[in-house]
Amino acid sequence: MNAPLNPGSPAEGGVIRHDWTLEEARALYDLPLFELVDRARAVHLRYHPRDEVQLCTLLSVKTGGCPEDCAYCPQSSHHQAVPGEKMLNVDEVLEAAGRAKDAGATRFCMGAAWRQVKDGPAFDRVLEMVRGVKGLGLEACVTLGMLTEEQARRLKEAGLDAYNHNLDTSPDFYRSIIRTREFEDRLRTLKNVREAGITVCSGGIIGMGEGPNDRCAMLRELANLDPHPESVPVNALVRVPGTPLESLPPIDPTDLVRMVALARLMMPRSKVRLSAGRTELTREAQLFCLYAGANSIFYGDRLLTTPNPDVTDDTSLIEAAGLRPQAPVA
Ligand code: SAM
Ligand code: DTB
Ligand code: SF4
């Protein structure tokens, strides 16, 4: 197949649009890998600096004991793959944020293993954490589960920049992975976040037994949000012992490259974050993802409950490739 390289035409990506069909997404996903990457790279260069990568550090501020049954997640109380822990206090979090900043991160993302936010002391503490992280001059992001309009408004007031809430997979595959909530619940929270004026971080996971159509359908849902999520994490499943998905085969790294490239083509302006699963990727596979349109990584020795590449490995990878960490905005 020798389709002309024309990344500016609507069905080939590079145009900001919100009316993607599954067929269009799938046709791009199925291109020969180098052609897909050529197109994605061309779009990347049109919208983003060629050599910049944003470093974001994660911290779990409330680990485990979550009532949701997400099959991939070690923090679900249905699997008990990690013990539940007490919520961290504000000082502990700000110390970690300060360390992340000193190590070069510009965004700090705090996660809580909650189904939804409950008003009260724990939420008040999160608001305090957000104020503190902003006080350090970092972008602040949280991921706390479902959120009402009023809670989103209070987070915005505290200075929150971004809210992470992943669609995770396609609407069709959703019930094979999560039975304690609906795909529509996720969309409702994203709407509340958007309406409060907080930027949206939403992506998904590959390697959970889904097919290529599910992957494309998930990206289609994201790309048809108007505006697009400002940040799109692409995770490869971390197969944690004790979770129902622990024995699934590893992903083919070229599938991750395809997902990154497709996200770049369908959401040209968004940050595409190469997220969980990097410990199982070679340096070359990670670089290929960064070339294909990823411009952000999680940086720091841990994700939420599982390991991430060492900071020294990441800095050496970035340096070897002649990339530069995105400078702080403020
Ligand atoms: N409880 C909140 C929620 O579900 O939105 C926030 C925390 S939850 C751990 C955030 C995201 O982490 C999930 O949506 C999922 O995409 C990702 N995640 C969790 N476990 C993972 C795993 N084993 N491998 C890859 N990604 C995972
Ligand atoms: C996202 O998409 N991936 C991050 C972040 N958003 C919150 C979380 C990955 C979690 C991987 C499993 C763990 O460490 O518990
Ligand atoms: Fe809970 Fe979030 Fe894990 Fe699902 S992904 S079990 S909601 S912490």
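The structure presented is a predicted model; accordingly, all values stated were derived computationally and were not measured. (Residues numbered from 1 in each chain as written. Chains lettered and ligands numbered in written order. Predicted model: local features only at pLDDT ≥ 70, side-chain atom pairs only at ≥ 80, totals over all residues. Heavy atoms only, no water.)

Q: What's the story with the pattern of salt bridges in this structure? I'm lost.
A: It is possible for side chains of opposite charge to pair when their charged atoms get near one another. In this structure the tally under the stated criterion is 23 salt bridges. Measuring nitrogen to oxygen at the nearest pair gives 3.5 Å for the salt bridge that ties Arg175 to Glu182. For Arg175, a relative accessible area of 37% translates into the label partly exposed. A relative accessible area of 39% means that Glu182 is categorised as partly exposed. (Salt bridge = Lys/Arg side-chain N within 4 Å of Asp/Glu carboxyl O. Buried < 20%, exposed > 50% of the residue type's maximum accessible area, 1.4 Å probe, protein only.)

Q: Sorry if this is basic, but what is going on with the pairing of strand β2 (residues 107-112) here?
A: Consecutive side chains of a regular strand alternate in pointing toward one face of the sheet and then the other. A large share of β2 lies buried, amounting to six of its six residues. Side chains Arg107, Cys109 and Gly111 project from β2 onto one buried face, and the interleaved Phe108, Met110 and Ala112 project onto a second face that is buried too. Sheet topology places strand β1 (residues 52-62) next to β2; six bridges connect them, and they run parallel. Looking across to β2, one finds that Leu59 is bridged to Met110. Here β2 pairs with strand β3 (residues 139-143) via five bridges, running parallel. (Helix = DSSP H or I, 4+ residues; strand = E, 2+ residues; numbered from the N terminus. Pairing = 2+ DSSP bridges.)

Q: How do you make sense of the site of ligand 3 when you look at a structure like this?
A: All residues adjacent to ligand 3 are Cys66, Glu68, Cys70, Tyr72, Cys73, Ser76, Ala113, Trp114 and Arg181. Applying the majority rule of atoms within 2 Å of the grid points places ligand 3 in the largest cavity. Of the residues assigned to the shell around ligand 3, the class counts are six nonpolar, one polar and two charged. (Near = heavy atom within 4 Å. 1 Å grid on protein atoms, 1.4 Å probe; cavity = no way out; pocket = protein on both sides within 12 Å on 5 of 7 lines; lining within 4 Å. Sits in = over half its atoms within 2 Å of the grid points. Nonpolar A, V, L, I, M, F, W, Y, C, P; charged D, E, K, R; others polar.)

Q: How should the pairing of strand β8 (residues 271-274) be read in this particular structure?
A: Sheet topology note: the strand β7 (residues 231-236)/β8 ladder contains four bridges and is parallel. Across the sheet, Val232 pairs through a bridge with Val272, a residue of β8. Regarding the hand of the β-α-β motif, the stretch spanning β7, helix α9 (residues 253-266) and β8 is right-handed. Pairing geometry for β8 and strand β9 (residues 296-298), over two bridges, is parallel. Bridge assignment links Leu274 to a residue of β9, and that residue is Ile297. (Right-handed = clockwise from strand over helix to strand, strands pointing away.)

Q: Before we go on, may I ask you to explain unusual backbone geometry in this structure?
A: The general pattern is negative phi for most residues beyond glycine and trans for most peptide bonds. Asp226 connects to Pro227 through a cis peptide bond whose omega is 0°. Along the chain, Pro227 turns up in the loop between α8 (212-223) and β7. Despite not being glycine, Asp168 shows a phi value in the positive range, around 70°. For Asp168, a relative accessible area of 3% translates into the label buried.

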